[in-house]
Amino acid sequence: MTAPSLHDRRWLYQVPIVNKKTGERRMVIIELTEFQRRQCVEYEAFYPNHTGGDRGPIANRYALDQADKKAPPGFIPVCDGIKRVPLPDLKVVH
């Protein structure tokens, strides 16, 4: 894994969401904002391999927040299974 960069065009994440009543699982794709990417890169600079970066807990929290807003009624995002989606692989994600 290369170090995350603000110059990366997009930071896309696949976030699982679950229906609270039926248990149905779906995936949503979200994109971090420039401000959110900057926060992650800054934390990585101050605390290497700890809190920041494109796969750290801060990025995951931002992804959860956005997935919560994007999820259909009755669905909630879950922490397990959040992953960054590389741009070339985005075509195969449904």
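Provided above is the structure to which this section pertains.
Heads up: these notes are all about the structure in this document. (Residues numbered from 1 in each chain as written. Predicted model: local features only at pLDDT ≥ 70, side-chain atom pairs only at ≥ 80, totals over all residues. Heavy atoms only, no water.)

Topic: the nonpolar core
Formed by 17 residues in total, the largest nonpolar core has its most connected members in Tyr13, Val15, Ile30, Leu32 and Cys40. The dominant element in this core, judged by the number of residues it contributes, is helix H2 (residues 57-70), at 6 residues. Among all residues touching Leu32, those that are not within four sequence positions of it are Trp11, Tyr13, Arg37, Cys40, Ala59, Tyr62, Ala63 and Gln66. (Core = buried A, V, L, I, M, F, W, Y, C linked by side-chain atoms within 4.5 Å. Buried < 20%, exposed > 50% of the residue type's maximum accessible area, 1.4 Å probe, protein only. Helix = DSSP H or I, 4+ residues; strand = E, 2+ residues; numbered from the N terminus. Contact = heavy atoms within 4.5 Å.)

Here we look at the environment of Arg10
Summarising the element assignment, Arg10 is placed in the segment before strand S1 (12-19). Overall, the relative accessible area of 37% leaves Arg10 in the partly exposed class. The spacing of Arg10 and Thr33 is 23 residues in sequence and 8.5 Å in space, taken between C-alpha atoms. Setting aside its immediate chain neighbours within four residues, Arg10 contacts Glu31, Arg84 and Leu87. Within the local environment of Arg10, its side chain forms a polar contact with the side chain of Glu31, the two groups lying 3.2 Å apart. (Polar contact = N/O pair within 3.5 Å; in protein donor to acceptor, adjacent residues only side chain to side chain.)

Some thoughts on the environment of Glu31
With respect to the secondary-structure elements, Glu31 resides in strand S2 (residues 25-31). Once the C-alpha coordinates of Glu31 and Tyr13 are considered, the two residues, 18 residues apart in sequence, prove to be 6.3 Å apart. The residues contacting Glu31, other than those within four sequence positions of it, are Arg9, Arg10, Trp11, Leu12 and Gln66.

Brief notes about unusual backbone geometry
Here Asn49, not a glycine, exhibits a phi torsion of approximately 55 degrees, which is positive. Summarising the element assignment, Asn49 is placed in the loop between helix H1 (34-46) and H2.

Structural notes on the pairing of S2
Two elements, S1 and S2, share 7 bridges in a ladder whose sense is antiparallel. Across the sheet, Gln14 pairs through a bridge with Ile29, a residue of S2. Between S1 and S2, which pair antiparallel in sequence order, lie 5 residues; one of them, Gly23, sits at a positive phi of approximately 80 degrees. (Pairing = 2+ DSSP bridges.)

Re the pattern of salt bridges
Applying the stated rule across the entire model yields 6 salt bridges. Among the salt bridges present, the one from Glu34 reaches Arg38, with a minimum N-O distance of 3.4 Å. Of this pair, Glu34 and Arg38 both sit in helix H1, 4 residues apart, roughly one helical turn. Residue Arg55 pairs with Asp54 through a salt bridge whose shortest N-O separation is 3.0 Å. One salt-bridge network, held together by shared partners, links Asp54, Arg55 and Arg84. (Salt bridge = Lys/Arg side-chain N within 4 Å of Asp/Glu carboxyl O.)

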